[in-house]
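Single-letter residue listing:
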Protein chains: 2
Amino acid sequence: MASQEPGTLSPSLLPHKYSNRIVLKTLLERSDGGVALAGQRVVIGGWVKSFKEVKKDPVPTQGNDQKNVTCAEILQSRIPLFRSIYKILCGGGGGSSGNHPIGGKLEAVVATPPSPSTAFLCVSDGSCAATLLVVVDSSVACPGQLLFTGTSLLAKGVLIKGTPVHGNHVIELQAEKILYVGKVEDEKYPLSKKRLPLEKLRNFPHFRPRTTTASFYVASVMRVRNALIVATHAFFQNHGFLCLQAPVVGYAQKFQVTTQLGDADKEEETRSTKDTGDVNLEIVKAAINEKNRLVEELIRSESNREALAAAVKDLLKTTQLATQLEMQEKLKSGTPSKPDKVDLSGLLCLESYACALGNVYSFGPKFQDDSIVTSKNVAETWMVEAQIAFSQLEETDKAFETELEWGGALTAEHLSYLADEVYKTPVVVYNYRKEVKPFHVRLNDGVTVAAFDLVVPKVGVLISGSQSEERIDTLNTRIKEFGMSGEQCEMYLDLRRHGTVKHSGFALGFDLMLLYATGLNDIRDVIPFPRSFGKAN
Amino acid sequence: MASQEPGTLSPSLLPHKYSNRIVLKTLLERSDGGVALAGQRVVIGGWVKSFKEVKKDPVPTQGNDQKNVTCAEILQSRIPLFRSIYKILCGGGGGSSGNHPIGGKLEAVVATPPSPSTAFLCVSDGSCAATLLVVVDSSVACPGQLLFTGTSLLAKGVLIKGTPVHGNHVIELQAEKILYVGKVEDEKYPLSKKRLPLEKLRNFPHFRPRTTTASFYVASVMRVRNALIVATHAFFQNHGFLCLQAPVVGYAQKFQVTTQLGDADKEEETRSTKDTGDVNLEIVKAAINEKNRLVEELIRSESNREALAAAVKDLLKTTQLATQLEMQEKLKSGTPSKPDKVDLSGLLCLESYACALGNVYSFGPKFQDDSIVTSKNVAETWMVEAQIAFSQLEETDKAFETELEWGGALTAEHLSYLADEVYKTPVVVYNYRKEVKPFHVRLNDGVTVAAFDLVVPKVGVLISGSQSEERIDTLNTRIKEFGMSGEQCEMYLDLRRHGTVKHSGFALGFDLMLLYATGLNDIRDVIPFPRSFGKAN
């Protein structure tokens, strides 16, 4: 899928196929930086990222240390009256649409013409992170309409070799004609202020793609996202998987971890938690803190692996006791409701095709409960899901395995704790108690199921995998335990009635993978246009 | 994205990375058909597509012309008692899970052993359309459990050169051990009957992927779909577009053609339709039929293009008159309601990123009104949408252009008629009246807008494209005309307030493209698991 080969030294530039401008990526990402193309006449388009104006008259611009902002620009931005005058002098109405000056009042025209100057504009068209230096003499266009961050322009000119005076640009465009200008209302444009804090930026999802601050460059995040989308398809296609576009609606329950058990299980649950007796939850939590400190100390002191493993095991055991107590309290406080009519269409689709085409994957949005507001949870999230026929969960890498005492469910917080604090590396957790995984996960031994989670630091569960129950009798029992019924269950059973095979699959949270790849903390910052987001909500 | 290079003559086979079996595609799609691999020991898995049993004793199988079905098979399938006995004799409970015989009652074991035979099974694992011939001697496994269409098996054996006796197989597998069998309940399995009609097949979305009939091979349709998914991404990536995963929820109104106008337009609409006076709709419809016949005759008689174009123009003019009359009646019968609060998030997402990154596309599901049941309409459909900055709609190819009289809206039926009956080729219709396109489409001249539709035969509108209104004042007027308001409109206007550019885009109905590519008639047959579909609904 490699495209325009920006590294090659082709004599001519690649014009944009659907507009008369050239794509800056094809110029700026050449191995020579574009220098061999000096002398060519081109049209470019983009948005001003930073700018500088140099007066041609000998008036010194004293005390201005800012590299990209001139004295004239500061005057314009700080003193409204000066700005109004300047705009009128320079024909602030500019642009091809001409006669709709934005944000400027009609005032008396001052007769003195502006002193000649040259505008240096760093312009990005979004095709790459680099910018092109566009040099506009005041005889070509009045700088007054161009010297704002965010202004769009379409310019025709000649490529010339860059001069060291104007920075590190290997090539620059000497503008001959400005074909179009899209101005900004500087007072209202939120990105005029440099380095808008991340929290404030979230109120402007429609302007986020234009940000260029080093700490949060949305355009770069979306380039990473695009690369991972392509890589996801490439991976599966190269491994002989067929892409399925599985149904989305009602998908929510599919791989969801449920604690909503049928009556039979609820009783068992109550029984198993009874053993914890009258132990106080607060005391257990204090013990967890204590044991946590011990583990941390052992890690710091680089003690032997056996001692560390023992301490971790002890910590986890106590953590699970806390979970049991919490669940017990939950059971006391109210009977968990039976699950609503379960929509299996997504799961059914994947398994039906796996049981005919062998290996399939789907890559699409999924809806989940976003009533719990966390930095990792949104209503609409993209998921990668795969199903592989004739496969079963193999033994995982047990190089540093800690056997967990079963009996309590590990919550999402516990899993994150394992990856964030205990191992500080991705962790695979497997062989869960059957109650905490969906009905279709294959029963190992009556108590645990063939499922695993891959937990990564700072993100949590990135991948959930499981082997599906292929034995019709066992599956039937599980379906009853979960209190499920309906035609979709019958279809699901049908796949076991006729030509059943062992098959396994996994679901990967694509938005979470983006968090892991970029190191960002909030899932809303890796999604192009998250719904629960500032004004967009 | 080319994968395992099936054409190369590598000495060893590609094992499946996530299971111990080999992928049949890597064997059967080699340029030598796999013959160079004879002698290798492999594990394969798949489903029986057709079968044949050859007895070793000299009893002749008289009068059996069916190539793939033996006398024994016919006896089994037709006479329940024979089947029961046969199953018990052959250990019908088979398979690795062992002891759950399906559909067979426990009966007295008949002492006579079955006569030795060889089963020839055509097995597909779904990785390619071709099947592998698997030869199973009755000393390896009892044929009784294998001789059903849809049975799954995992078999270990040696690859040997194919013998012309068993068909055109270049290579076949001499089974040494059957590792796993997933049986079918032959009486209940809908695909046991050969050539299930298309309508009946729609009741079994979960079994559709297994169909092998020549007229409707769902697996092949899904391979075409997969290829088009990959091609879609490859096309945009190669043209420097970034993939955006735009929000889905509330997307419906986005590119929808609306007749729900604000008051100002309603008046104008009433005025413009007034001119039609008291013309009777029935008379106009009769005239359409008449003119339709003339056009058809001109096409048949291969008359010159000018005469045909004139006849078509006349036909369309009358058709539009009929539409005007229909709209007039609609207006009389009730005031059209104002649109609900419009969700612009999808459109906003694409335009926000186009106005920062240049060229973007999205590829995801979209929800639409499926209350109108047609063969081209489903609730959940996949769409490809693109936005290109610094672009405007160019003149389309006018080689055979028929200028339409504006004044009436072309309905979907009219558009299909153009492509199906008049031109019998894809047709581009452009410069629509502003009332029939969404608020954001760029106004050409106060009456028409910069929009086009690509209409293809038998499918209808495949692509809808438009240039977006970049002028803030015009856009503001349009938003008011449509009676829209809200924060999303403000954000949409924001993109015009700050650094606006001319930009255009299009939406392509991906499911419809599949119809066009495959020649199938019903959109439900190209969607993996359509919601409004038999039991799945």
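This structure is a prediction, so every number in the text was calculated from the model and none was measured.

1. Here we look at the pattern of salt bridges
Here the idea is simple: oppositely charged side chains can pair when their charged atoms come close.
Inference 1: Following the criterion strictly, the structure yields 38 salt bridges over all chains and no others.
Inference 2: A salt bridge links A:Glu470 to A:Arg442; its shortest N-O distance comes to 2.7 Å. Linking A:Glu470 in the loop between strand E11 (460-467) and helix H11 (472-481) with A:Arg442 in the loop between strand E9 (427-433) and strand E10 (448-456), this pair joins segments that are 28 residues apart in sequence. Note on accessibility: A:Glu470 and A:Arg442 belong to one class, buried.
Inference 3: The closest approach of N and O atoms between B:Arg478 and B:Glu481, which form a salt bridge, is 3.2 Å. With B:Arg478 and B:Glu481 both in helix H11 (residues 472-481) and three residues apart, this pair spans about one turn of that helix.
Inference 4: Each of A:Lys434, A:Arg478 and A:Glu481 takes part in one network of salt bridges that share partners.

2. A look at the interface of chain A and chain B
One frequent convention defines the size of an interface as the accessible area lost when the parts assemble.
Inference 1: Chain A puts 99 residues into the contact, and the matching count from chain B is 100 residues.
Inference 2: With both sides pooled, the region where chain A packs onto chain B buries about 8,600 Å², and carbon together with sulfur makes up 62% of that total.
Inference 3: The tally of links between chain A and chain B comes to zero salt bridges.
Inference 4: Counting every contact that joins chain A to chain B gives 29 residue pairs in polar contact (both at pLDDT 80 or more).
Inference 5: Among the elements that make up the side of chain A that touches chain B, the one with the highest residue count is helix H5 (residues 218-238) of chain A (13 residues).
Inference 6: Tallied by class, residues from the side of chain A that touches chain B come to 48 nonpolar, 31 polar and 20 charged.

3. Here we look at the relation of the copies chain A and chain B
Inference 1: The operation relating chain A to chain B is a screw motion whose rotation component is 180°, with 0.0 Å of axial translation and a residual RMSD of 0.2 Å. Taken together, the rotation angle and the small translation identify this as a two-fold axis.
Inference 2: In this assembly, 99% of the residues forming the interface of chain A have copies in chain B that are likewise at the interface, indicating an isologous arrangement.

4. Description of the nonpolar core
Inference 1: Ranked by size, the top nonpolar core spans 130 residues in total, and within it A:Phe439, A:Phe510, B:Phe439 and B:Phe510 carry the most contacts.
Inference 2: Those residues in contact with B:Phe510, other than ones at most four positions away along the chain, are A:Gln245, B:Arg225, B:Leu228, B:Ile229, B:Thr232, B:Phe363, B:Trp382, B:Met383 and B:Val384.

5. Observations concerning the packing of helix H9 (residues 345-357) of chain A against helix H12 (residues 487-497) of chain A
All names here are of chain A.
Inference 1: Viewed as axis vectors pointing N to C, H9 and H12 meet at an angle of 20°, and their least axial separation amounts to 10 Å. Considering the angle they form, H9 stands roughly parallel to H12. For the pair H9 and H12, the sense of crossing is left-handed. In this structure, H9 contributes Ser345, Leu347, Leu348, Glu351 and Ser352 to the contact, and H12 contributes Gln488, Met491, Tyr492, Leu495 and Arg496.
Inference 2: Along the lines of polarity and charge, the residues of the contact of H9 with H12 split into five nonpolar, three polar and two charged.

6. Notes on the environment of B:Gly346
All names here are of chain B.
Inference 1: Within the fold, Gly346 resides in helix H9 (residues 345-357).
Inference 2: Classification of Gly346 by relative accessible area gives buried; the value is 0%.
Inference 3: Considering only alpha carbons, one finds Gly346 and Ala246, 100 residues apart in sequence, at a separation of 5.7 Å.

7. Notes on the packing of helix H5 (residues 218-238) of chain B against helix H13 (residues 510-518) of chain B
Residues and elements named next belong to chain B.
Inference 1: Running from N to C, H5 and H13 point in directions that differ by 120°, and their axes come no closer than 10 Å. Here H13 runs oblique to H5, going by the angle between their axes. Here the hand of the crossing between H5 and H13 comes out right-handed. Together, Val221, Val224, Arg225, Leu228, Ile229 and Thr232 of H5 and Phe510, Asp511, Met513, Leu514, Ala517 and Thr518 of H13 make up the contact between the two elements.
Inference 2: Residues of the contact of H5 with H13, tallied by class, amount to eight nonpolar, two polar and two charged.

Rules used throughout
- Residues numbered from 1 in each chain as written.
- Chains lettered and ligands numbered in written order.
- Predicted model: local features only at pLDDT ≥ 70, side-chain atom pairs only at ≥ 80, totals over all residues.
- Heavy atoms only, no water.
- Salt bridge = Lys/Arg side-chain N within 4 Å of Asp/Glu carboxyl O.
- Helix = DSSP H or I, 4+ residues; strand = E, 2+ residues; numbered from the N terminus.
- Buried < 20%, exposed > 50% of the residue type's maximum accessible area, 1.4 Å probe, protein only.
- Contact = heavy atoms within 4.5 Å.
- Buried area = accessible area lost by both parts, 1.4 Å probe.
- Polar contact = N/O pair within 3.5 Å; in protein donor to acceptor, adjacent residues only side chain to side chain.
- Nonpolar A, V, L, I, M, F, W, Y, C, P; charged D, E, K, R; others polar.
- Least-squares fit on C-alpha atoms with pLDDT ≥ 70 in both.
- Core = buried A, V, L, I, M, F, W, Y, C linked by side-chain atoms within 4.5 Å.
- Axes fitted to C-alpha atoms, helices over the stretch in contact; angles between N-to-C directions.
- Parallel < 35°, antiparallel > 145°, perpendicular 65-115°, else oblique.
- Left-handed = near helix turned anticlockwise from the far one by under 90°.

Read these as spatial facts, not as claims about activity.
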